[in-house]
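Structural description and commentary
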Amino acid sequence: MLDDRWQGTLWLAPDFAILHGEAGATDSHAHYAHQLMLSTGAPFTAELDGSIHTAQRLLVASLRAHAIVAAPAPLFTIYAEPQCLGVAALLAAQDGVHEPTLDSLAAALQAQPRQQLADARLQRALDQVDALLSGKVSAAAVADAAHLSLSQLERLFSAQLGLPVRRLVLWRRLRLAIRFILLGNTLTHAAHAAGFADAAHFSRTMRSLFGVRADRSLRQLNVKLLD
């Protein structure tokens, strides 16, 4: 069985998160966020697109399959929302930090300019998705809010976000449920509040997108919410 328990401190901002602590092994998985792993001690070993890497820094771009194989020293792991912070901004923030700490990395990430969505209709669509997350997210309702047809909506999401509407909704549900759990809610309450059918659906999604079990990976983190 994989040691998928996360232990340490998590700083959670609206468009990025920084996790510092012990990282257990994970299943291979792929998620929407860009991910940057940093070790200030012994190198870690990870699998990326089927290849094994032993390093002190590894960038995993959005939707690339990866897994943690072994991490003998505590890691800094940064997750960034691709539509707000691109790979270049993520690397620039890390390169601008002399000595990585939660404070220095958070300040560097907050100082990075945010990408602007090229189409205002897309922002309206995303706002509508977020407004509907606690229940059923109708693609038709999202399209209406953005003044788009369903086919236009799908093309816009795929072209500018890299995900179809259904998968983007699932990602945002997962992100919301994780936030609820970190704020002290039960797994079942968090799942329902984020629009999952039940706790099992949330758990399967967590395993698929992060390679760990929700019931073992979130309770041991000290959490700080950033504006």
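Scroll up to find the structure this text is about.
Summary of the structure given here. Nothing here was measured: the structure is a model prediction, and the numbers come from that model.

Thresholds, definitions, all that
- Residues numbered from 1 in each chain as written.
- Predicted model: local features only at pLDDT ≥ 70, side-chain atom pairs only at ≥ 80, totals over all residues.
- Heavy atoms only, no water.
- Axes fitted to C-alpha atoms, helices over the stretch in contact; angles between N-to-C directions.
- Helix = DSSP H or I, 4+ residues; strand = E, 2+ residues; numbered from the N terminus.
- Parallel < 35°, antiparallel > 145°, perpendicular 65-115°, else oblique.
- Left-handed = near helix turned anticlockwise from the far one by under 90°.
- Contact = heavy atoms within 4.5 Å.
- Expected span 1.5 Å × (residues − 1).
- Buried < 20%, exposed > 50% of the residue type's maximum accessible area, 1.4 Å probe, protein only.
- Nonpolar A, V, L, I, M, F, W, Y, C, P; charged D, E, K, R; others polar.
- Core = buried A, V, L, I, M, F, W, Y, C linked by side-chain atoms within 4.5 Å.
- Arc of directions from axis to C-beta.

Bringing the packing of helix α3 (residues 120-132) against helix α6 (residues 165-182) into the picture now. Contact geometry for α3 and α6: axes closest at 10 Å, N-to-C directions at 50°. Judged on the interaxial angle alone, α6 and α3 are oblique. Considering only the axes of α3 and α6, their crossing is right-handed. Mapping the contact onto sequence places L126, V129 and D130 in α3 and L168, V169 and R172 in α6.

The subject of this paragraph is α6. Taking 1.5 Å of rise per residue, 18 residues should cover 26 Å, and α6 covers 26 Å from first to last C-alpha, within 8% of that figure. For α6, the set of buried residues is V165, L168, V169, W171, R172, R173, L174, A177, I178, I181 and L182.

Once that is clear, we can look at the packing of α6 against helix α8 (residues 199-210). Packing of α6 against α8 brings their axes to within 10 Å, and their N-to-C directions diverge by 105°. Our classification of the angle between α6 and α8 gives roughly perpendicular. Where α6 abuts α8, its residues L170, W171, L174, A177, I178 and I181 lie against H201, F202, T205, M206, L209 and F210. Along the lines of polarity and charge, the residues of the contact of α6 with α8 split into ten nonpolar, two polar and no charged.

Here we come to the nonpolar core. Formed by 45 residues in total, the largest nonpolar core has its most connected members in L153, F157, L174, F202, M206 and F210. Listed by contribution, the elements that provide at least two residues to this core are β1 (6-12), β2 (16-23), α3, α4 (139-145), α5 (150-160), α6, α7 (187-193) and α8. Sort the elements by how many residues they give to this core and α6 lands first, with nine residues. Counting 20 residues, the second-largest nonpolar core is a separate cluster that includes W11, L38, L85 and L102.

Moving on, we get to unusual backbone geometry. Leave glycine aside and you will find that most residues have negative phi; peptide bonds, for their part, are mostly trans. If you check the backbone angles, D49 has positive phi at about 50° while not being a glycine. Assessed through its relative accessible area of 45%, D49 is described here as partly exposed. Positive phi, close to 70°, is recorded for L63, a residue that is not glycine. Note that L63 resides in the loop between β6 (57-60) and β7 (66-70). Here L63 falls in the partly exposed class, since its relative accessible area comes to 32%.

When we look at burial in helix α1 (residues 87-95), the residues that qualify are A89, L90, A93 and Q94. Along the axis of α1, the buried positions cluster into a sector of 135°, meaning they face one direction only. Exposed positions of α1 whose direction lies more than 90 degrees from the buried face are A88 and D95. Looking at the buried side of α1, the elements it contacts are β3 (34-39), β6, β8 (75-80) and α2 (102-111).

That is the geometry; function is a separate question.
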